[in-house]
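Fold and contact review
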Number of protein chains: 2
Amino acid sequence: MRITAVSGGIGGARFLRGLLRTLGPDDEVTVIGNTADDIWLFGLKICPDLDTVMYTLGGGIDEERGWGRRDETWQAKEELAAYGVEPTWFGLGDRDLATHVVRTQMLQAGYPLSDVTAALCARWLDGLSPAVRLLPMTDDRVETHIVVDRDGERVAVHFQEYWVRLHAEPPVRDVVVVGVEQSAPAAGVLESIADCDVLLVPPSNPVVSVGTVLAVPGLRDAVRRTGATVVGVSPIVGGAAVRGMAAPLLRHLGVAVSAAGVGAHYGARSSGGVLDGWLVDETDAAAVPVLAEGGLPTRAVPLLMPDVGSAAAMARAALDLAADLAARG
Amino acid sequence: MRITAVSGGIGGARFLRGLLRTLGPDDEVTVIGNTADDIWLFGLKICPDLDTVMYTLGGGIDEERGWGRRDETWQAKEELAAYGVEPTWFGLGDRDLATHVVRTQMLQAGYPLSDVTAALCARWLDGLSPAVRLLPMTDDRVETHIVVDRDGERVAVHFQEYWVRLHAEPPVRDVVVVGVEQSAPAAGVLESIADCDVLLVPPSNPVVSVGTVLAVPGLRDAVRRTGATVVGVSPIVGGAAVRGMAAPLLRHLGVAVSAAGVGAHYGARSSGGVLDGWLVDETDAAAVPVLAEGGLPTRAVPLLMPDVGSAAAMARAALDLAADLAARG
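Given the structure is predicted, the values throughout are model-derived calculations rather than measurements.

Description of the environment of L321 of chain B
All names here are of chain B. On the secondary structure map, L321 appears in helix α13 (residues 308-328). A C-alpha to C-alpha distance of 7.6 Å links L321 and R299, two positions 22 residues apart in sequence. Ignoring anything within four residues of it in the chain, the contact list for L321 reads V231, G277, L279 and R299.

This is the structure:
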């Protein structure tokens, strides 16, 4: 089976790790990673979501934090601060830094991000069973900026700054995905959507992860047109995001912070959306008939991922829903 | 008193630390640092000699190694190797890495190396007494390459590779200081030579440290013409380099590996060289009359630097010799 999945950071990566656990050696997984939270800091290109997926699937992730490297140290970060170099809020570990150094060197040598990502992933993903490849959504520079109030003015801050430094506290006045309209899908992205059997939308942020991937010109159309079955997993459980900061962004878009709200936001392919099926948590089972009535087949299963086993069960439930929908035709 | 000193890495830096100890708060020291062993690695600009001077004078040096940072860790280096990125032989510490990241970011933003060096030194040298400023010999890219035999062919390797990876073992077939002929002295360098009272040549490598500084167009002439008294300190004690790899390079140039040989190689200003006076170690006292007869006033004093006190005594001996020579007119 060929499976393609869109992914943001921690939630997506953990879901994908569960997915790998539930697949067989002959399956093939392609991950289209969000790059809209990429950031240039200290002259280095940092791709938080790609790295979280790469480290999580490759066994290098810090399990407790969910991002960055295991056995990490923070000496370089401390030194940068001692030099008075801003920003000091970004979590730049010494091991992680090497990834950014290699990436930046390759980018500056002229390689596109997709080639660079493949080179980095050779270390982390080669030899995994089933085979996994990680594609950035685009090779072009795309950056999500969040408009907030500061000293009575509206200013745009990079998503990383909004999330890491401001803890997503200031009200969201606008979300601007700089460069996305001029971007093009990276090599292999559209093909991986067109040629897969199942397309999964993991429980990633619907606005600044899945939303930005779908905003790359051609992406949404490719999802709309694929012969694959498209199944999404709600990142909202019981009226709150399981992790991250989806809530203020959804509110800004006028989307209800609920499994039903996000399901309706993605929408059924039968009525112009991107999904064929939708998984919500058991506690949100009340949304199932509502969404089904609106044309989006929905199923309620446990959607928390305290361990790899539960993530695998979630992924299996998504694949089961896809299989049932495909059988139903 | 205004003192300008040329410097390479460890030997020069330790001598300079002694010099500071022996000066008063109203003195001023300018260091012209060798940049010909600078290297671009991993997309980062690394300036080993500038950093050794900066860390040594600023209290950040690893005393035992003599280069790099105290309390250093090597996580990023380990990761770069895990990515299969070459070279793996360069000693890139996590703390040290931050210096290179800041430097590279500033260079790529368009600042000349001299401005970058000043910015980095603000952390390490501001507030020292006497005041010290560190100038790179040039803002231009200059790199010493050593020609060696490899598999029956002559190949040029970067000085760092020759020294760190090859341990200076292969015979030196040639020394090529790439770019030096097209380089220009950095801002302030010629002025610091013209305007000082004493110009010191510490016990740095005569070929790939002092030699490359003097090879920057205009530098040697400035030394020849300065009204300051120029005193050098022999890096060779008892027929061997105190540290580093001067011997094979001197042999390549046909210079005897001795205090007398290097003194004659630098030469007396009175006969076309760069020195007014020369300090040799007590064990090389036999060279004193030989060199003096050749027109180079020479004095024998202890030239080992097991601690800052002995380095200070060496520097004091150099200043005393300069004062005596100046008094003699």
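What to know about the relation of the copies chain B and chain A
Once chain B is rotated about the relating axis by 180° and shifted along it by 0.0 Å, it coincides with chain A to within an RMSD of 0.0 Å. The operation mapping one copy onto its partner corresponds to a two-fold rotation axis. Across chain B, the rotation axis passes nearest the C-alpha of D94 of chain B, at a separation of 3.1 Å. Both copies contact each other with a shared surface, as 100% of the interface residues of chain B are interface residues in chain A too.

Let's talk about helix α2 (residues 48-58) of chain A
Every α-helical turn comprises 3.6 residues, leaving residues that sit three or four positions apart pointing alike. Residue and element names in this part refer to chain A. In terms of burial, α2 is largely enclosed, as ten of its eleven residues are buried. Among all positions in α2, only P48, D49, L50, D51, T52, V53, M54, Y55, T56 and L57 are buried. G59 sits one or two positions beyond α2 and adopts a positive phi of about 85°.

A few points about the sheet that holds strand β6 (residues 143-150) of chain B
By definition, the strands of a sheet pair up through backbone hydrogen bonds, in either a parallel or an antiparallel sense. All names here are of chain B. Ordered by their spatial adjacency, three strands build an open sheet running β7-β6-β8, and the pairing between neighbours is antiparallel. Strands at the two margins of the open sheet, each flanked by one partner only, are β7 (153-158) and β8 (174-178). Averaged over all pairs of adjacent strands, the angle between strand axes in this sheet comes to 30°, irrespective of strand direction. In this sheet, β7 lies alongside β6 in antiparallel orientation, the contact comprising six bridges. For V147, the partnering residue across the bridge sits in β7 and is A156.

A closer look at helix α4 (residues 94-108) of chain A
All names here are of chain A. Spanning 15 residues, α4 covers 21 Å between terminal C-alpha atoms, matching the ideal 21 Å at 1.5 Å per step. Here α4 lies mainly inside the structure; 13 of its 15 residues are buried. Phi for G110, located one or two positions after α4, is positive at around 110°.

Describing the interface of chain B and chain A
A common way to report how large an interface is uses the accessible area buried once the components associate. Each side of the interface is counted separately: chain B has 22 residues, and chain A has 22 residues. Going through the elements one at a time, α3 (75-82), α4 (94-108) and α5 (113-124) of chain B are the ones with two or more residues in the side of chain B that touches chain A.

Some words on the domain arrangement of chain A
Residues and elements named next belong to chain A. Considered domain by domain, chain A is made up of domain 1 (37-133), domain 2 (143-181) and domain 3 (183-328). Computed over C-alpha atoms, the centres of domain 2 and domain 3 are 25 Å apart. Residue-level contacts link eleven residues of domain 2 with eleven residues of domain 3. The class makeup of the residues in the side of domain 2 that touches domain 3 is eight nonpolar, two polar and one charged.

Overview of the pairing of strand β9 (residues 198-201) of chain B
All names here are of chain B. Burial along β9 is two-sided: V198 and L200 facing one way and L199 and V201 facing the other are all buried. Where strand β1 (residues 2-7) lies against β9, three bridges are found, and the strand directions are parallel. Following the sheet pairing, I3 is matched in β9 by V198. Where β9 and strand β10 (residues 229-233) come together, four bridges link them in parallel fashion. Counterpart to V198 in the pairing with β10 is T229.

Structural notes on the packing of helix α1 (residues 10-22) of chain A against helix α13 (residues 308-328) of chain A
Packed helices, taken two at a time, are described by the angle between their axes plus the distance between the axes. Residues and elements named next belong to chain A. Contact geometry of α1 with α13 gives a least axis separation of 7 Å together with a crossing angle of 75°. It follows from the interaxial angle that α1 and α13 lie roughly perpendicular. Between α1, through R14, F15, R17, G18, L19, R21 and T22, and α13, the contact on the second element is made entirely by V308, A311, A312, M314, A315 and R316. Among the residues forming the contact of α1 with α13, the class breakdown is seven nonpolar, two polar and four charged.

Observations regarding the sheet that holds strand β8 (residues 174-178) of chain A
Residue and element names in this part refer to chain A. The strand order β7-β6-β8 describes an open sheet built from three strands, whose pairing is antiparallel. In this open sheet, the two edge strands, each paired with only one partner strand, are β7 (153-158) and β8. The sheet shows a mean angle of 30° between the axes of neighbouring strands, taken without regard to direction.

Examining the pairing of strand β13 (residues 277-281) of chain A
Residues and elements named next belong to chain A. Most of β13 sits out of view: five of its five residues are buried. Residue alternation in β13 divides its side chains into two sets, G277, L279 and D281 and W278 and V280, and both sets are buried. Two strands pair when backbone bridges link them, and strand β10 (residues 229-233) and β13 are joined in this way by three bridges, in the parallel orientation. Bridge pairing in β13 links V231 to G277.

A word on the packing of α4 of chain B against α5 of chain B
Residue and element names in this part refer to chain B. Two numbers describe how α4 lies on α5: the axes approach to 9 Å, and their chain directions differ by 140°. Regarding the angle of α4 to α5, the classification is oblique. α5 is crossed by α4, and the crossing has right-handed handedness. On α5, the residues that touch T99, V102, R103, M106 and L107 of α4 are L113, V116, A119 and L120. When its residues are assigned to classes, the contact of α4 with α5 shows seven nonpolar, one polar and one charged.

Here we look at unusual backbone geometry
Omega for the bond connecting E86 of chain B with P87 of chain B falls within 30 degrees of zero, at -5°, which places this linkage in the cis form. The topology assignment puts P87 of chain B in the loop between α3 and α4. Each neighbour pair has its own omega, and for S129 of chain B with P130 of chain B the value is 0°, a cis peptide bond. If you trace the backbone, P130 of chain B turns up in the loop between α5 and β5 (131-136). Within the chain, H167 of chain A stands out as a residue other than glycine whose phi angle is a positive 50°. Unusually for a residue other than glycine, D71 of chain B sits at a positive phi of about 50°. Relative to the helices and strands, D71 of chain B resides in the loop between α2 (48-58) and α3.

Calculation notes
In this convention, every chain numbers its residues from 1, walking through the sequence in written order. Whichever chain is written first is A, and whichever ligand is written first is 1; the rest continue in order. Thresholds applied to this predicted model are a pLDDT of at least 70 for local features of residues and 80 or more for the giving and counting of side-chain atom pairs; totals over whole chains, interfaces and linings are not thresholded and use all residues. Helical segments are the DSSP runs of H or I of at least four residues, strand segments are the runs of E of at least two, and each set is numbered from the N terminus. A residue pair is marked as a contact if its C-beta atoms, positioned from the backbone, fall within 7 Å. Superposition of the copies was done by least squares, using only C-alpha atoms of residues whose pLDDT is at least 70 in both. Backbone-placed C-beta atoms define the burial measure: a residue is buried with 20 or more other C-beta atoms within 10 Å of its own, exposed with 12 or fewer, and partly exposed in between. Note: two strands are recorded as paired if DSSP finds a minimum of 2 bridges between them. Interaxial angle, 0 to 180 degrees, is taken between N-to-C directions of lines fitted to C-alpha atoms, where a helix line uses only the stretch in contact. In a helix, the anticipated span is given by 1.5 Å times the number of residues less one. Segmentation of the chain into domains, including their bounds, is taken from an automatic or database domain assignment. In this classification, Asp, Glu, Lys and Arg are treated as charged, Ala, Val, Leu, Ile, Met, Phe, Trp, Tyr, Cys and Pro as nonpolar, and every other residue, Gly included, as polar. Every angle not falling under 35 degrees, over 145, or within 65 to 115 is termed oblique; those three ranges are roughly parallel, roughly antiparallel and roughly perpendicular. Throughout, a crossing is termed right-handed when the near helix is turned clockwise from the far one, and left-handed when it is turned anticlockwise from it by less than a right angle.

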